[in-house]
Amino acid sequence: MSDNKKQAILVELTTAYWMEMETVMNYVCNSVNLDGVRAEEVKNALATDVQEELGHAQTLARRIRELGGTVPGSLAFLATQQMLQPPAESTDVLSVIKGVIDAEDAAVRQYNKIIKLCDGVDYVTQDLCITALAGEETHCREFKGFLAGYER
């Protein structure tokens, strides 16, 4: 693979890595901060998903290193998940659900971007991203189900 292609893949893997790390942070806080009877199922789903999202980040970090890149430390982090911030009202479960869907949709787009970028040149990274994509699509579908229940 050319150096330019490898660099492009490393940039996108690093973006995905930061997205996963930010999702972990926001899932943790929202799984703890939400209140109310209707919040329990969403809190439990978020708490469970933390481990999978962290696993994605760790897998991406290892792949970045395998490709000769350096996994960045926290000083390189720039938060972007506006919609997934803890709501001002701790019972606002709906805003958290919508924030999760937004974050999962962004992850799906990012993994699809990497999958296309790797096609024909880096099947290992492509396979890794296809696997992660399946998990993100499952999370998104789960929270769209929560959204449908809340909108009824």
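See the structure printed just above.
Residues numbered from 1 in each chain as written. Predicted model: local features only at pLDDT ≥ 70, side-chain atom pairs only at ≥ 80, totals over all residues. Heavy atoms only, no water.

### Side note on the overall build of the protein
Note the following rule: Helix and strand assignments come from DSSP, with helices taken as H or I runs of at least 4 residues and strands as E runs of at least 2, each series counted from the N terminus. For this measure, only C-alpha atoms enter the radius of gyration; the expected value for a globule follows 2.2 Å times N^0.38, where N is the number of residues. Accessible area is worked out with a 1.4 Å probe on protein chains only. A residue is then buried under 20% of its type maximum, exposed over 50%, and partly exposed in between. Here a residue-residue contact requires only that any non-hydrogen atoms of the pair lie within 4.5 Å. Areas reported here follow the Shrake-Rupley algorithm with a probe of radius 1.4 Å; residue values treat only the protein chains shown as occluding.
A count of helices and strands for the protein gives four helices and zero strands. Written out in order from the N terminus, the α and β elements of the protein read α-α-α-α. Against the 2.2 N^0.38 benchmark of 15 Å for 152 residues, the protein shows a C-alpha radius of gyration of 16 Å, consistent with a compact globule. A buried classification covers 45% of the 152 residues belonging to the protein. Residue pairs in contact within the protein that sit at least 24 positions apart in sequence constitute 79% of those at least 6 positions apart. When the accessible surface of the protein is split by element, carbon and sulfur atoms take 54% of a total near 8100 Å².

### Things to note about the pattern of salt bridges
Here is the rule: A carboxyl oxygen of Asp or Glu within 4 Å of a side-chain nitrogen of Lys or Arg is what we treat as a salt bridge.
Within the structure shown, the criterion is met by four salt bridges. K113 serves as the salt-bridge partner of E12, at 3.3 Å between the closest nitrogen and oxygen. Highlighted residues: E12 in helix α1 (residues 3-33) and K113 in helix α3 (residues 93-118), separated in sequence by 101 residues. When its relative accessible area of 45% is taken as the criterion, K113 is described as partly exposed. Between R63 and D122 there is a salt bridge, with the nearest N and O atoms lying 3.0 Å from each other. Note that R63 is positioned in helix α2 (residues 40-66) and D122 in the loop between α3 and α4 (123-151), a separation of 59 residues in sequence. For R63, a relative accessible area of 10% translates into the label buried. Looking at D122, the relative accessible area reads 4%, which means it is buried. Overlapping salt bridges bring together R63, E66 and D122 as one network.

### Some details on the packing of α3 against α4
Threshold: Between N-to-C directions, angles span 0 to 180 degrees; the directions come from axes that are lines fitted to C-alpha atoms, helices contributing only their stretch in contact. Orientation is classified from the angle alone, with under 35 degrees giving roughly parallel, over 145 giving roughly antiparallel, 65 to 115 giving roughly perpendicular, and any other angle giving oblique. Rotating anticlockwise by less than a right angle from the far helix to the near helix defines a left-handed crossing, while the corresponding clockwise rotation defines a right-handed one.
At a closest axis distance of 8 Å, the pairing of α3 and α4 adopts a crossing angle of 155°. Looking at the two axes, α3 sits roughly antiparallel to α4. Remark: the crossing between α3 and α4 carries left-handed chirality.

### Structural notes on the side chain of T125
With respect to the element layout, T125 can be found in helix α4. Non-local contacts of T125, meaning those with residues more than four positions away in its chain, are made with I9, L13, R63, L67, I114 and C118.

### Thoughts on the nonpolar core
Put simply, the rule is: Nine residue types can take part in a nonpolar core, namely buried Ala, Val, Leu, Ile, Met, Phe, Trp, Tyr and Cys, and a core is a set of them joined through side-chain atoms within 4.5 Å.
Counting 22 residues, the largest nonpolar core has I9, L13, Y17, L60, Y111, I114 and C129 as its most contacted members. Listed by contribution, the elements that provide at least two residues to this core are α1, α2, α3 and α4. Ignoring any residue separated from it by four or fewer positions in sequence, one finds L13 in contact with L60, R63, I64, L67, I114, T125 and C129. If you look at the next biggest cluster of nonpolar residues, it comprises 20 residues, including V24, Y27, I101 and F146.

### Let's talk about the side chain of E22
The residue E22 is located in helix α1 in this model. Ignoring anything within four residues of it in the chain, the contact list for E22 reads F77, L78, A79, T80, Q81 and Q85.

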